[in-house]
Amino acid sequence: MYYIIAFLVGLGLGLIFYFREKSKLSAYKRELEKTSVAASSGSSKVGVLEAKIQVLEKALQDALSK
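Anyway, here's the lowdown on the structure attached to this text. (Residues numbered from 1 in each chain as written. Predicted model: local features only at pLDDT ≥ 70, side-chain atom pairs only at ≥ 80, totals over all residues. Heavy atoms only, no water.)

Turning to the overall build of the chain, a few remarks are in order. In terms of helices and strands, the chain carries one helix and zero strands. The C-alpha radius of gyration computed for the chain amounts to 29 Å, which surpasses the reference 11 Å derived for 66 residues by more than 25%, pointing to a less compact arrangement than a globule. Each principal axis of the C-alpha atoms in the chain carries an extent, and together these give about 100 × 10 × 5 Å. Taking all 66 residues of the chain together, 0% fall into the buried category. The centroid of the 10 positive side-chain charges in the chain is displaced by 9 Å from the centroid of its 6 negative side-chain charges. (Helix = DSSP H or I, 4+ residues; strand = E, 2+ residues; numbered from the N terminus. Rg over C-alpha atoms; globule rule 2.2 N^0.38 Å. Buried < 20%, exposed > 50% of the residue type's maximum accessible area, 1.4 Å probe, protein only. Lys, Arg positive; Asp, Glu negative; His and termini not counted. Charge placed at Lys NZ, Arg CZ, Asp CG, Glu CD.)

The subject of this paragraph is a nonpolar patch on the surface. Taken together, the side chains of M1, Y2, I5, V9, L13, I16 and F17 make up a nonpolar region of the molecular surface, amounting to roughly 810 Å² of accessible area. Assignment of secondary structure puts F17 in helix α1 (residues 2-65). (Patch = residues over 30% accessible without salt bridge, like charges linked within 9 Å, V, L, I, M, F, W, Y side chains within 5 Å. Areas by Shrake-Rupley, 256 points an atom, 1.4 Å probe, with all protein chains shown as cover. Salt bridge = Lys/Arg side-chain N within 4 Å of Asp/Glu carboxyl O.)

With that out of the way, let us pick up the packing of aromatic side chains. Under the counting rule described, the total for this entry stands at one aromatic pair. On the numbers, 5.2 Å between centres and 70° between planes, the contact of Y18 with F19 is edge-to-face. Classification of Y18 by relative accessible area gives partly exposed; the value is 46%. (Phe/Tyr/Trp six-rings, centres within 6.5 Å; stacked < 30°, edge-to-face > 60°.)

Another point: the pattern of salt bridges. Going through the model one piece at a time under the given rule, you end up with two salt bridges. Close ionic contact of E21 with K24 constitutes a salt bridge, the shortest N to O distance being 3.7 Å. With E21 and K24 both in helix α1 and three residues apart, this pair spans about one turn of that helix. According to the relative accessible area criterion, K24 is partly exposed, its value standing at 48%. The partner of D62 in a salt bridge is K58, and the shortest N-O contact between them spans 3.4 Å. Highlighted residues: D62 and K58, both in helix α1, separated by four residues, approximately one helical turn. K58 sits in the partly exposed class, given a relative accessible area of 48%.

In structure tokens, the structure reads:
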């Protein structure tokens, strides 16, 4: 009888800790995805700005050569 009660209590505590860690892990994954998206967004913005600079440099060279 005591074994069954102890088993059920242990199972309940184990499930509580399992679900708590599972929710922490999913929150960490969401945060990691946000930082990943922000980093790729930042790098794409840098790429766009570098392309604009190249276009402006080419336009300046063309204007100076005329």
